[in-house]
Amino acid sequence: MKASTTKWRFWQVAIVVVAMATCWCWFAFGAPYTLYTKEQLVLFVADWTAVLDYFARPAVLSSIVGDYLTQFYLLICGGATILTIVVALLWWGVRSALRRFDVPSQNATVWALLPVVAEVALNCHVEYPLAMTLGAVAATWSFVAWARMGDGVCKWLLAMILAVGLYWAVGAHAMMFVVLSVAWLCRQRRWGWALTLMLLAVVAEMVVGRMLYLPASQAYCYPLIENYMFQHCQLFLLTEAAVVVALIGIGIRRAWIGVLAVVMASIAGVAAIFDDTMEYWLGMSCEYYFNRKERILERADENWERKSYVATYYTNLVLAERGELGEYLTENYQPATYGLLLDVDESSGYCYAMAAADATAAIGDMAEAQRATLLAMTFSPHQRSSRVAKKMVEIAMTVGDKELAEKFLWQLERTALHREWAAKRRAELVSGAVPSDEVRANLVENDGFVGANNWYPALYALVEANGANRMAVDYLLSMHLLRKDRERFLDDYERYFYPRWGAQPPKVYQQALMMSFDDESELMAAIERYGISAEVQRDCIDYSRIYVSEGGRGEALQERFSRTYWFYCNYAQMN
Amino acid sequence: MRKLFIIAALSFVVAACSTAEKRTSDQLPPIFPDYAGVTVPINIAPLNFDAAVAAERVEATISNGSQQIKVKGRTGVDIPLRKWRALLADAERLTVAVAVTAEGVQTEYAPFEIMVSRDSIDYGVCYRRVDPGYEYYARMGLYYYDLAENEEHILIENTLLGSSCVNCHSFAKTNPSKMMFHIRGKGGGTLMHLNGQNTLLNTKTDATQVSCVYPSWHPEGRYIAYSINDIKQTFHNEPSMLLDVYDHWSDVVIYDTETGELNTYPILSDTARFETFPSFSADGRTLYFCSADPQAAELLPEVRYELCSVGFDPATGEVGNEITTVWDGDGASLLFPRASYDGRYLMVTRSAYGTFPIWHKDADLWLIDLVTGERRSIDELNSDNTESYHSWSSSSRWVVFSSRRIDGLHTRPFIAHVDDEGRFSKPFLMPHNDPRTWYDGLMQSYNIPEFISAPIEISPKDILQAEAGAVELRERK
């Protein structure tokens, strides 16, 4: 009997250790960019007045602690470690809570993992805040403490106070306390108390929410924000549902059923909520933000399968920064011009808007970069973002707006992990070293009107302002190429590219030039004038020969020419 | 022996604490907000301030000549309300001496003065807080600020209104029992609060095509003049300009709150001209508005609005037959006319072109003396950055206006005193208990600051439960 108990205890420990290790590994290696992005959506200013702002909404304590800890998601494996610790606390709390229902410890150990699985799955969404999980932890432990109290009227009154107080302190997951307490009361056959508590919780959340200017739909899920990317905010109730299932499951004697339920729930939960394509393009965005641009090119090939506009956008951006956009444009998946510069409107969302500013800032279009950055701030769930604040500093410093840069620096200097960055920028601001002459030369000085996301006027303004702005010229020419507008490409190649960089024409431009002349004598003259290489000439002849001989059947050309401009022009939809 | 040791230790601590090097400077202290030389009303809340530089300690001695208070803090000073009021009660001016300790050096700066005016200011300021610029917004709301207590109250936040836009709050001569604002979007309308009754009015009619936009209450509170505008937006490629808003067409109409009629007038609906930003005179017998000739300008930078007026008869609701050009702007565009309630002055925003000066750095405030006809740029108030919306206090002794002078991106409310001769004092930023953290941390702009003479009576619940109503169109000949 003793040996059996020891063995089972070993297995309990093993199961929990494996579960937590899996959780850590998942967030560290499976979804790191989702966590990095969560950090970017937080700007925790360590100042009393700023902290007081949290008191204007429910979930005061969990939001303060959650936002503070989310800052450390920026560290390598920081998010994975914090989340693993928090869900371990949740497991421990739920296990202790289940033990209040007089079940064997082995059953409680396994079934307590079920709410943990729900929280892990929910945390796979970029908008699910740590404050929610912290709320679940606090609510669960509150129940454990409450359940330990002796019986009496005080206990019931305390349950009522806790149901309301917890909502104010931790938000939506105060419902964990209500679910556990109601189950506990039902078990005691105190149906009246159970019903009263449940009704009170539902009404109190609505009333407190209303007092704090939240509509009912938002009050019930705060601090999860509705009407953003997390489409069904009520999904947070998965954790409460998991608690209910666990309460039922603990009655099952066979422990392996619990293990099976946890494994299946893990797979189903993560599969339902985690979006691996989003993780991929968030990765591209984060790597650019972290200035690890070589990783973007390393992962660019994956995009032929994933077909993400943002991934293409960052690949193009890094290539352009290296002066290689004209060389490798069609080596990567190109969804027409959608991956060149990102349009931002009310449906774009903050991740998209946040990314959109990177290219426009890099090519010198600071007006458009500022517009996208401010919209990213506006669109973010709490209208705060450390990444956006840093971008605002960079833009303000580039255009020489010292006061605006100082405003955002002031905030960043009061964060845990961006203060050093802010101190460096402040030193640059004081020294006047920024912007450099090179960057300053790219700025448009002659004001004009442009429509939102109307890229041609913006690009022409840039190349007219500074003919040496190679990135802007490459973007302009690439825009023509991706729109298959070879006439404008030829005009602008001749006007902006050829005089400065014509001696070394990039491969894709050469391919486009070869397509731009129908007349043979004109083509021969162009080959000589533009210095089109023998390899491109040979490939062009081969492409044409196969195209004609195969009657335009794209499959015959795909293997050899799928990454040429000729193939893009003829068969872009096949990619 | 033990006592000696304690005394020695304490002496060491005291000595250590007082070893900060001391310097004096003949410059004004680097504080935020800048209160040096401003004039404040006798009933203003404490003018707390922070060091504008990295500081370890800030100390201030504020004196009115007969009594003084000393306050100190780590990065700024928080002045006790009761002591502040006692200090202001019999003061004509305050002298403020500030010492800032930074990097172990305490610098005592040259003291500055704050003039105290016996002209008390209204209860507070109502404004909208909204993300700066652009066509999209997230969280926004209408708020009002108690100027005597440094306390912000929420009138409504759009989170309760399905994220609708709320804008254009307006009061009858600062009276919050006669007020209105617009709620845009689904289920929206114009929230009219009149003597305890709340109505959500649909102001869009078949004839006018669009809902009412920029309001101005008649001083007697019966009429509200509105512009109706078909508004469009465009962007600049110069970053400091950001965006521009312009009208495809605009007219002026007048709503009668007693009859529920929305009056249109041929003279104010001239298809050949744009009419916008109506504003009643203090006696309610003149309606000012801005007008532009769209035919004369093919491009937005060439559109100039001039200041016009037309007679108005409050008894009949009729307007005069003749439009007078008060000022053509001398080559610039005139916007947001606002007459002082004593009938003496008219303040306008003057910018190089267009109808939306809030992103125009050149936008400045101008004053027209309605008695002498003189006009001048109010250099006391203007800065290198945008000055745009403005309103008068009920006594016409104070103005509040929005300015982008602090960071160029977010508008902030500034208050200034105006004396008998029409001279303005140096403006001061609307006070706050923790000004640096609040204003530096706030990512929203203050929009349309309007004085209110008392706290606003309606609650969000009243707004949500307002009865729906509609205007009745009346086409006057």
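A. Focus on the overall build of chain B. When its secondary structure is counted, chain B shows four helices and 37 strands. A globule of 477 residues ought to have a C-alpha radius of gyration of about 23 Å, and chain B, at 25 Å, matches this closely. The principal-axis extents of the C-alpha atoms in chain B amount to approximately 100 × 50 × 45 Å. Looking at chain B as a whole, 49% of its 477 residues are labelled buried.

B. Structural context of the packing of helix α4 (residues 60-70) of chain A against helix α8 (residues 130-148) of chain A. All names here are of chain A. It is the contact of α4 with α8, at a shortest axis distance of 8 Å, that shows an interaxial angle of 130°. As judged from the angle between their axes, α4 and α8 are oblique. Handedness of the crossing formed by α4 with α8: right-handed. Here α4 contributes Ser-62, Ser-63, Val-65, Gly-66, Asp-67, Leu-69 and Thr-70 to the contact with α8, which in turn contributes Leu-130, Ala-131, Leu-134, Gly-135 and Ala-138. Partitioned by chemical class, the residues of the contact of α4 with α8 number six nonpolar, five polar and one charged.

C. Molecular detail of the domain arrangement of chain B. Residue and element names in this part refer to chain B. Split by domain assignment, chain B resolves into domain 1 (18-117) and domain 2 (124-469). One C-alpha centre belongs to domain 1, the other to domain 2, and the line joining them spans 35 Å. If you look at the interface, domain 1 gives 20 residues, while domain 2 gives 15 residues. Put simply, the parts of the chain that give the side of domain 1 that touches domain 2 at least two residues each are β3 (39-41), β4 (49-51) and β10 (112-117). Broken down by element, the side of domain 1 that touches domain 2 gets its largest block of residues, three residues, from β3. For the side of domain 1 that touches domain 2, the class distribution of residues is 12 nonpolar, six polar and two charged.

D. Structural detail: the environment of Tyr-54 of chain A. All names here are of chain A. Relative to the elements of secondary structure, Tyr-54 occurs in the loop between α3 (48-52) and α4. Distance in space between the C-alpha atoms of Tyr-54 and Glu-550 is 67 Å, their sequence separation being 496 residues. Not counting residues up to four positions away in its chain, the partners in contact with Tyr-54 are Val-60, Ser-63 and Ile-64.

Criteria and thresholds
By convention here, each chain's residues receive numbers from 1 onward along its written sequence. Key to labels: chains lettered from A, ligands numbered from 1, both in the order written. In keeping with the predicted nature of the model, local features appear solely for residues at pLDDT of at least 70, side-chain atom pairs appear and are counted solely at 80 or more, and the whole-chain, interface and lining totals rest on all residues. In this text, helices come from DSSP runs of H or I with a minimum length of four residues, and strands from runs of E with a minimum of two, each type numbered from the N-terminal end. The atom set for the radius of gyration is the C-alpha atoms, and the globule formula is 2.2 Å times the number of residues raised to the power 0.38. Here a residue counts as buried when 20 or more other C-beta atoms fall within 10 Å of its C-beta, as exposed when 12 or fewer do, and as partly exposed in between; the C-beta atoms come from the backbone. Inter-axis angles, ranging from 0 to 180 degrees, are taken between N-to-C directions of lines fitted to C-alpha atoms, where helices are fitted over the stretch in contact. The cut-offs work like this: below 35 degrees is roughly parallel, past 145 is roughly antiparallel, 65 to 115 is roughly perpendicular, and the gaps in between are oblique. In this scheme the crossing of two helices becomes right-handed for a clockwise turn of the near helix relative to the far one and left-handed for an anticlockwise turn of less than a right angle. Throughout, a residue-residue contact means that the two C-beta atoms, derived from backbone geometry, are no farther apart than 7 Å. Under the convention adopted here, Pro, Cys and the residues Ala, Val, Leu, Ile, Met, Phe, Trp and Tyr are nonpolar, Asp, Glu, Lys and Arg are charged, and Gly plus all remaining residues are polar. An automatic or database domain assignment is the source of the domain bounds shown.

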